[in-house]
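# Descriptive analysis of the structure
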Amino acid sequence: MRTRPALTLADVKTILAAAEAEAVKNKWNVAIAILDDGGHLLGFHRMDGATPANAEIAMQKGRSAAVSRRSTRNWEERIAGGRMAVLKMPVLPITGGLPIVAGSECVGGIGVSGVQSHEDEQIAQAGIAALGAA
Amino acid sequence: MKKILLSVVVGAAAYALATVAYAQAPGYGPDINLDGAKKVAAGAAAEARNNKWTVVIAVVDTHGELVYLERLDDTQVASVNIALGKARTAARFKRPSKALQDALAGGGAGLRVLQLEGAVAVEGGQPIMMDGKIVGAIGVSGVTAEQDGQTARAGAAVVK
């Protein structure tokens, strides 16, 4: 047997608040989803002006990163490099989803959607950074 | 003849009632924003914590699309989708999900509820009203249906 870390709701709220602050700072309206390591929602915010489509995409990016233990940027780049088979994988290969890692363990994922995908990723990164600082 | 007349009268009365009830059904207002959703969820979370209940709280807009969600620590995983489903039911059917639960429990024609697309006929989904209009809905799952409903109503009551 072994023990493993897990995100608490307090952690989730820390990440969400920091990600939302990064978005507000840049006047971006986005949806932010945080999921556990099985890809199930722990917390979700859709800021005013973000669309229902953003809500769905944020969840899919976050789920992809959580269950594959890799950023969605990684999957997007694999396709850009010609590895079309990735399109058949159960991941959304669009930048803006990051795994959340504690030590050497993936404890979940965060997905952001609403602005350009590299900006979505910047927001996700800001959220995760707050967890390390907390 | 008398019988026919009576049934016509009764029928007309029932029709009038139905018409009145329909006219009084609240309409949809503007979609709840993230600020409002956070307030509603905080009210529900406080109710859950006071009772030491572990739940998922979902808040959706008038279309049933997700605006806010939080999962209290150690809540059963299945409740994520159940809470969302209850909230969607309340928003899209313009009524508490308990209304569908009651219709189903009544049996007979009420069993049709099982065939309604997207209907979660379990208590715990509640429309959120502001200025007499539906602006979204809250769905709660994690404990018993009655307790989920109590939590959802506590949240919905935060805004007016």
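That block above? That's the structure.
Residue positions are given per chain, counted from 1 along the sequence in the order it is written. Chain labels run from A onward and ligand labels from 1 onward, assigned in the order the entries are written. In keeping with the predicted nature of the model, local features appear solely for residues at pLDDT of at least 70, side-chain atom pairs appear and are counted solely at 80 or more, and the whole-chain, interface and lining totals rest on all residues. Side-chain figures throughout are based on the complete set of non-hydrogen atoms in the structure, without hydrogens or water.

### What about the side chain of Thr62(B)?
Residues and elements named next belong to chain B. Relative to the elements of secondary structure, Thr-62 occurs in the loop between strand 1 (56-60) and strand 2 (66-71). Any pair of N or O atoms that falls within 3.5 Å is considered a polar contact. Within protein, one atom must be able to donate a hydrogen and the other to accept it, and sequence-neighbouring residues count only if both atoms are side-chain atoms. At 2.5 Å, the side chain of Thr-62 and the side chain of Asp-31 are in polar contact. Between two residues, a contact is recorded if the distance between any of their heavy atoms is within 4.5 Å. Excluding anything up to four places from it in sequence, Thr-62 contacts Tyr-28, Gly-29, Pro-30, Asp-31, Ala-91, Ile-134, Val-135 and Gly-136. Put simply, DSSP marks the helices as runs of H or I at least four residues long and the strands as runs of E at least two long, and each gets a number from the N terminus on.

### What to know about the interface of chain B and chain A
Between chain B and chain A, the residue contacts involve 16 residues of the former and 17 residues of the latter. Buried area: the accessible area, evaluated with a 1.4 Å probe, that two parts lose upon being put together, summed over both parts. Both sides together, the interface formed by chain B and chain A hides about 1,500 Å², and carbon and sulfur atoms give 52% of it. Looking only at chain B, the three residues that lose the most surface to chain A are Leu34(B), Leu66(B) and Arg71(B), adding up to 36% of its buried area. Every case where a carboxyl oxygen of Asp or Glu lies within 4 Å of a side-chain nitrogen of Lys or Arg is listed as a salt bridge. Linking chain B with chain A are four salt bridges. The residue Lys38(B) makes a salt bridge to Glu20(A) at a minimum N-O spacing of 3.0 Å. At the junction of chain B and chain A, the tally comes to 12 residue pairs in polar contact (both at pLDDT 80 or more).

### Brief notes about the nonpolar core
Nine residue types can take part in a nonpolar core, namely buried Ala, Val, Leu, Ile, Met, Phe, Trp, Tyr and Cys, and a core is a set of them joined through side-chain atoms within 4.5 Å. Only protein chains enter the calculation, and the probe is 1.4 Å; a residue is then buried if its accessible area is under 20% of its type maximum, exposed if over 50%, and partly exposed in between. Among the nonpolar cores identified, the biggest contains 43 residues, and Ile34(A), Ile110(A), Val59(B) and Ile138(B) are the most heavily contacted of them. Per-element accounting of this core gives the leading share, seven residues, to helix 2 (residues 34-50) of chain B. Those residues within four positions of Ile110(A) in sequence are excluded, and the remaining contacts are Ile15(A), Ile32(A), Ala33(A), Ile34(A), Gly62(A), Gly96(A), Gly97(A), Leu98(A), Ile100(A), Ala124(A) and Ile128(A). Residues Ala33(A), Phe44(A), Ala58(A) and Ala83(B) belong to the second largest nonpolar core, which totals 20 residues.

### Concerning the pattern of salt bridges
Evaluation of the coordinates by the stated rule reveals 15 salt bridges over all chains. In this structure, the salt-bridge partner of Asp36(A) is Arg71(B), at a minimum N-O distance of 2.8 Å. Here Asp36(A), found in strand 1 (residues 31-36), pairs with Arg71(B), found in strand 2, and the two come from separate chains. Arg71(B) shares its class with Asp36(A); the two are buried. Close ionic contact of Glu65(B) with Arg92(B) constitutes a salt bridge, the shortest N to O distance being 3.5 Å. With Glu65(B) in the loop between strand 1 and strand 2 and Arg92(B) in helix 3 (residues 79-92), the pair connects residues that are 27 residues apart, well separated along the chain. Through salt bridges with shared partners, one network takes in Arg73(A), Glu77(A) and Glu121(A).

### A word on the layout of surface pockets
For the largest pocket, the calculated volume is near 340 Å³. Cavities and pockets are found on a 1 Å grid laid over the protein atoms alone: a cavity is a set of points where a 1.4 Å probe fits but cannot escape, a pocket is an open set with protein on both sides within 12 Å along at least five of seven lines, and a lining residue has an atom within 4 Å of such a point. What lines the largest pocket is a set of 17 residues, among which Ala6(A), Leu7(A), Asp36(A), Leu42(A) and Arg71(B) lie closest to the centre. Here the lining of the largest pocket takes three residues from strand 4 (residues 105-113) of chain A, the largest share from any one element. Think of it as three bins: nonpolar holds Ala, Val, Leu, Ile, Met, Phe, Trp, Tyr, Cys and Pro, charged holds Asp, Glu, Lys and Arg, and polar takes everything else, Gly as well. Residue composition of the lining of the largest pocket, grouped by class: nine nonpolar, one polar and seven charged. Surrounding the second largest pocket, Gly39(A), His40(A), Leu41(A), Glu56(A), Met59(A), Arg63(A), Val77(B), Ala78(B), Val80(B), Asn81(B), Leu84(B) and Arg88(B) form its lining. Of all the elements in the fold, those that place two or more residues in the lining of the second largest pocket are helix 2 (52-68) of chain A together with helix 3 of chain B. Counting residues per element, the lining of the second largest pocket draws most heavily on helix 3 of chain B, which supplies four residues. For the lining of the second largest pocket, the per-class residue count stands at six nonpolar, three polar and three charged. Grid points are joined across faces, edges and corners, and a volume is the space filled by probe spheres set on the points.

So yeah, pure geometry; function would need other evidence.
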